[in-house]
Amino acid sequence: MSQVYERDEGALTTEKTRQESSLHMNLTSISIPTTGNEIINELFPYLSAKENVITRKDAEVGNSWKTYVVPLKQKFHETVFLTHIKKNFADSKDYVTNPHNSDVELGHQTVDHVGEVVILQKLLSSLKFVSDYNDADLVLVPALPVTASISNGRIRNCRIFGRCSKRWFNSLAAEVKRLSPNSTKKHLFFATQDESQNHSYIRDKSKDPNNIVVTYGPKGGPNDIVVPSLNTLIDLQPKDWTGCVPLQNRSTFLMSNFRIRDNLLDRKKIQKELDAYKGSKSILSESLNPARTIKMLSDSIFTICPPGDLPFTKRFYDALLSCSIPVVVTREVKDVGKTYWSNVKYDGNKPIKLEESYPSTDFPLSDIVIEVEGSTIDNGGVMKHLESIPQHEIEAKFEKIAGVRNSFVYDLNGSTEDAFSQMLKEISTIVFHEE
């Protein structure tokens, strides 16, 4: 199948004035504007310009339903993204939709929390857009709330709950209500951070069964889709991936560079055990910059991923992309079931069901992780447990990770199916009410 829409650059140039005028009318005077393929380039001149960001299969899946895109003003998508680039990357280069080398120093959370940008870009290339709102199976709301929050001030303080973007969210709510009045249509929203840290507008949208919110988890509503965080390091991109470093060539047994906080009880217990370890296995516990971390992950057989402040942990995905086997703490919790996030103490915390915290897969996560029971952590038995794992089991998990790692990365070059492809299949299931 060919790309979802063809770009006739000559026609766009010839009719630029007419289309700009038409777009202005659509955004200001029509209750439900026209937004078919013909004006996608006008709505998203930057994000729609890059070609070859999806696979042929992505286009086939995305074309299986009809999508109406809400024609939000650019301040809700491209403007906040370009502001983010200018404000948070010293050389004003786009390291979000383009891969970067390991020698590029990126600020904390400047890339990993804006997966929504790459997802929107890929959707613009894979979906079949219709001009009549009533003909649509799905309504795409192209707002980038986490990106907007990050671009508006100090990243951590402003990202959480959209603290610095209250006017932006109020304006977004009014625009969506005006431009998309039919609340019974399936609506797709983005919010690529931990669900509990989203602005109340997004959390409320999650609870509505007619909405789909793409999030880093856990699910806040019945149709939410959990996706992995964004990593654009060129060495991890499928096109440039040279394969997993063989187990026998890895010099570190366990990577364990996590922060200690009083409320993260499992971390304190694990660190105490590792500090007292006198065995022969090598353990790396030093704090590293992001690029160095990725390099050392590729040299480590195991990476411990203990519960943190939130169910979402970037470390888990980076380990998988580097073919280092994640070591997680598992517990069975009453009224919850199996979870990898428990024994975290602060107001309002409760364990989260495993299935609601990680991306959907067609295999159990236990195939690609080492699960360590909470009681083993309590008794200081992590290293003993890891040292007792048969070599054939380690090799089986390693081989499985090598085969599925692309499911946890966003391929910026459209060379293979990736995390976006999996998300697209989940959208299809929801649109067509499949089990």
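Our structure is the block above this text.
The rules we used
- Residues numbered from 1 in each chain as written.
- Predicted model: local features only at pLDDT ≥ 70, side-chain atom pairs only at ≥ 80, totals over all residues.
- Heavy atoms only, no water.
- Helix = DSSP H or I, 4+ residues; strand = E, 2+ residues; numbered from the N terminus.
- Buried < 20%, exposed > 50% of the residue type's maximum accessible area, 1.4 Å probe, protein only.
- Lys, Arg positive; Asp, Glu negative; His and termini not counted.
- Salt bridge = Lys/Arg side-chain N within 4 Å of Asp/Glu carboxyl O.
- Polar contact = N/O pair within 3.5 Å; in protein donor to acceptor, adjacent residues only side chain to side chain.
- Contact = heavy atoms within 4.5 Å.
- Expected span 1.5 Å × (residues − 1).
- Arc of directions from axis to C-beta.
- Core = buried A, V, L, I, M, F, W, Y, C linked by side-chain atoms within 4.5 Å.

What about the side chain of K185?
Thought 1: Tracing the backbone through its elements, the reader meets K185 in the loop between α9 (166–179) and β4 (187–191).
Thought 2: This buried residue, K185, is left without a salt bridge; D137 holds the nearest opposite charge, at 6.6 Å.
Thought 3: Polar side-chain contacts of K185 include one of 3.1 Å to the backbone oxygen of N134.
Thought 4: Reaching out from K185, the side chain makes a polar contact with the backbone oxygen of A136 at a distance of 2.7 Å.
Thought 5: Contacts of K185, omitting those with residues within four sequence positions, involve Y133, N134, D135, A136, V139 and N210.

With respect to α9
Thought 1: Helix length check: α9, at 14 residues, gives a terminal C-alpha distance of 20 Å against a target of 20 Å (1.5 Å per residue), a fit within 8%.
Thought 2: Burial in α9 covers these residues: W168, F169, L172, E175, V176 and L179. Seen along its axis, α9 keeps its buried residues to an arc of 125°; they face one direction. Among the exposed residues of α9, those pointing more than 90 degrees away from its buried face are K166, R167, N170 and K177.
Thought 3: In this structure, the buried residues of α9 make contact with α5 (78–88), α7 (145–150) and α10 (200–207).

A short note on the nonpolar core
Thought 1: Core analysis: the largest hydrophobic core is formed by 121 residues, its most contacted members being L123 and F302.
Thought 2: If one sorts the elements of this core by residue count, helix α18 (residues 419–431) sits on top with seven residues.
Thought 3: Among all residues touching L123, those that are not within four sequence positions of it are F129, L140, L188, F190, F420, M423 and L424.

A look at the pattern of salt bridges
Thought 1: Taken as a whole, this structure holds 10 salt bridges when the rule is applied.
Thought 2: A salt bridge links E175 to R178, with the shortest nitrogen-to-oxygen separation between them at 3.3 Å. Of this pair, E175 and R178 both sit in helix α9, three residues apart, which is roughly one turn of the helix.
Thought 3: Owing to a relative accessible area of 11%, E175 belongs among the buried residues under this scheme.
Thought 4: Taking relative accessible area as the criterion, R178 reaches 31% and is therefore assigned partly exposed.
Thought 5: The closest approach of N and O atoms between E417 and K425, which form a salt bridge, is 3.1 Å.
Thought 6: Residue E417 is classed as partly exposed on the basis of its relative accessible area, which comes to 35%.
Thought 7: Relative accessible area serves as the criterion here: at 36%, K425 is assigned to the partly exposed category.
Thought 8: Taken together, the shared-partner salt bridges connect D266, K269, R331 and D378 into one network.

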